[in-house]
Amino acid sequence: MTAPATVCSGIPVVDAYLDDGYDKVIGMSSRFAAAICCGLLRIQSELGVKGPVAEVGAFEGRFFIALAKSLHDGERALGIDVFEWPNAQVIDRFEANCERHHVPAEKRITWKADSNKMTAVELLAKVGGQKVRLIHVDGEHSQIALTKDLELATAVIGEGGVIVLDDMLHPGYPTLMVAVHAYLERHSDMTVLCIIDRESIFAATKFVLCQKTWFKKYEAALLDAYRDNVWPMGATFEPHWCLVLSLDTRLPPLE
Ligand SMILES: C[S@@+](CC[C@H](N)C(=O)[O-])C[C@H]1O[C@@H](n2cnc3c(N)ncnc32)[C@H](O)[C@@H]1O
């Protein structure tokens with residue numbers, strides 16, 4: 001069975017942006033992944049997990065705007081990027097896209113910086129000292145850089161916080177998985193909550209990591225919200241098992 005193409009976050013302002021806006025902002029994250037991640041922010045709010053969100057690699061704002069629109073009053077979104085690629089005007093396009101899609105200045109913090117050169121204390125100072133409830137890691141795609149970003153992300157998330165990793169299992173970046181496996185060995189309190197399957201080669205797969213103590217609660221809520229998108233086989237991390245959420249839930253034909 002192929003799951004329906006339109007998957008929602010369950011937050012009306014986010015879903016309106018996903019339906020009319022998301023594709024107009026240049027970016028690389030899939031609409032499917034944005035719907036699931038914002039759905040997870042909704043689930044967090046329902047479970048009482050509050051606080052800011054952050055993105056490493058905000059680029060032109062496609063995914064960032066969806067995250068920011070998921071927040072409650074008083075919560076803010078921090079967009080981190082070196083803002084040099086493909087040219088220096090990318091920061092202006094980021095700000096203009098946020099304005100165009102109604103993420104007001106008081107809701108967002110733009111930080112032109114190298115994530116590999118910042119400390120957790122510096123990042124937290126940008127969001128008023130509050131721990132982060134979701135951080136999307138989509139910056140430099142090397143094993144060393146991801147290792148540093150993962151340590152930064154782990155140090156800034158609060159109780160119930162999640163880390164979303166972009167371009168996992170991507171044929172162009174096979175070494176990123178080495179960094180993730182080494183990270184999971186080092187951080188026995190963290191685990192993979194779910195895998196969000198890719199839409200295309202550039203709108204690629206994301207992993208969502210959470211604290212082990214939150215795994216069952218979040219898994220149950222994701223199953224409830226996205227049952228039609230659960231690929232029946234799931235993913236095994238030998239022995240840990242987690243959900244695979246996909247737009248294509250078929251199994252291989254056996255006859
Ligand atoms: C693939 S783009 C991000 C796409 C965006 N997250 C989306 O979903 O549309 C990667 C971004 O990471 C930024 N970047 C690369 N290395 C970085 C670093 N060390 N610190 C901060 N940003 C970085 C690049 O400037 C680029 O804008």
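Refer to the preceding data block for the structure.
Definitions and cut-offs
Residues numbered from 1 in each chain as written. Predicted model: local features only at pLDDT ≥ 70, side-chain atom pairs only at ≥ 80, totals over all residues. Heavy atoms only, no water. Near = heavy atom within 4 Å. Polar contact = N/O pair within 3.5 Å; in protein donor to acceptor, adjacent residues only side chain to side chain. Areas by Shrake-Rupley, 256 points an atom, 1.4 Å probe, with all protein chains shown as cover. Nonpolar A, V, L, I, M, F, W, Y, C, P; charged D, E, K, R; others polar. Pairing = 2+ DSSP bridges. Helix = DSSP H or I, 4+ residues; strand = E, 2+ residues; numbered from the N terminus. Contact = heavy atoms within 4.5 Å. Axes fitted to C-alpha atoms, helices over the stretch in contact; angles between N-to-C directions. Buried < 20%, exposed > 50% of the residue type's maximum accessible area, 1.4 Å probe, protein only. Right-handed = clockwise from strand over helix to strand, strands pointing away.

1. Notes on the site of the ligand
Right, on to step 1. Around the ligand there are 16 residues in total, and S29, G57, D81, D114 and D138 lie nearest to it.
Right, on to step 2. One of the side-chain nitrogen or oxygen atoms of S29 is found 2.6 Å away from an oxygen atom of the ligand.
Right, on to step 3. One nitrogen or oxygen atom from the side chain of E55 is found 2.9 Å from a nitrogen atom belonging to the ligand.
Right, on to step 4. Its free accessible area being 600 Å², the ligand has 90% of it covered by the protein chains.
Right, on to step 5. Grouping the constituent residues of the shell around the ligand by class yields five nonpolar, five polar and six charged.

2. A closer look at the sheet that holds strand β3 (residues 108–112)
Right, on to step 1. Taken together, nine strands build an open sheet; the order of strands is β3-β2-β1-β4-β5-β7-β6-β9-β8 and the sheet is mixed. The open sheet has two free edges, formed respectively by β3 and β8 (235–236), since each of these has just one partner strand.
Right, on to step 2. As paired elements, strand β1 (residues 53–56) and strand β4 (residues 132–137) share four bridges and run parallel to each other. Pairing of E55 across the sheet is with H136, part of β4.
Right, on to step 3. Where helix α3 (residues 62–69) meets the sheet, it contacts β1, β2 (77–81), β3, β4 and β7 (205–211), and its direction lies at approximately 165° from that of β2.

3. Looking at the environment of L176
Right, on to step 1. Its location among the elements puts L176 in helix α7 (residues 176–186).
Right, on to step 2. Aside from chain neighbours lying at most four places away, what touches L176 is H141, S142, Q143, L146, D166, D167 and M168.

4. Side note on the side chain of S246
Right, on to step 1. For S246, the position within the fold is in the segment after β9 (241–245).
Right, on to step 2. A relative accessible area of 2% places S246 in the buried class.
Right, on to step 3. In terms of polar contacts, S246 uses its side chain to reach the side chain of D197, at 2.8 Å.
Right, on to step 4. In this structure the side chain of S246 is engaged in a polar contact, spanning 3.0 Å, whose partner is the backbone nitrogen of D248.

5. Comments concerning the pairing of β2
Right, on to step 1. Summarising burial for β2: five of the five residues are buried, a large majority.
Right, on to step 2. The two faces of β2 match: A77, G79 and D81 on one face and L78 and I80 on the other face are all buried.
Right, on to step 3. Bridge analysis of β1 against β2 gives four bridges, and the strand direction is parallel. Its bridge partner lying in β2, E55 is registered against G79.
Right, on to step 4. Of the crossover connections in this fold, the one passing from β1 over α3 to the parallel β2 is right-handed.
Right, on to step 5. Strand direction decides the pairing type here: β2 and β3, joined by five bridges, are parallel. Bridge assignment links L78 to a residue of β3, and that residue is I109.
Right, on to step 6. Regarding the hand of the β-α-β motif, the stretch spanning β2, helix α4 (residues 90–100) and β3 is right-handed.

6. Describing unusual backbone geometry
Right, on to step 1. Looking along the chain, the bond that leaves W85 and enters P86 is cis, with omega of 5°.
Right, on to step 2. As for its position among the elements, P86 is in the loop between β2 and α4.
Right, on to step 3. Note the cis peptide between E238 and P239, where omega equals 15°.
Right, on to step 4. One can find P239 in the loop between β8 and β9.
Right, on to step 5. Although it is not a glycine, F59 adopts a positive phi angle of roughly 50°.
Right, on to step 6. Tracing the chain through its elements places F59 in the loop between β1 and α3.
Right, on to step 7. On the accessibility criterion, F59 (12% relative accessible area) is buried.
Right, on to step 8. In this model, L169 sits at a positive phi of 60°, which is unusual for a non-glycine residue.
Right, on to step 9. Along the chain, the position of L169 falls in the loop between β5 (157–168) and α7.

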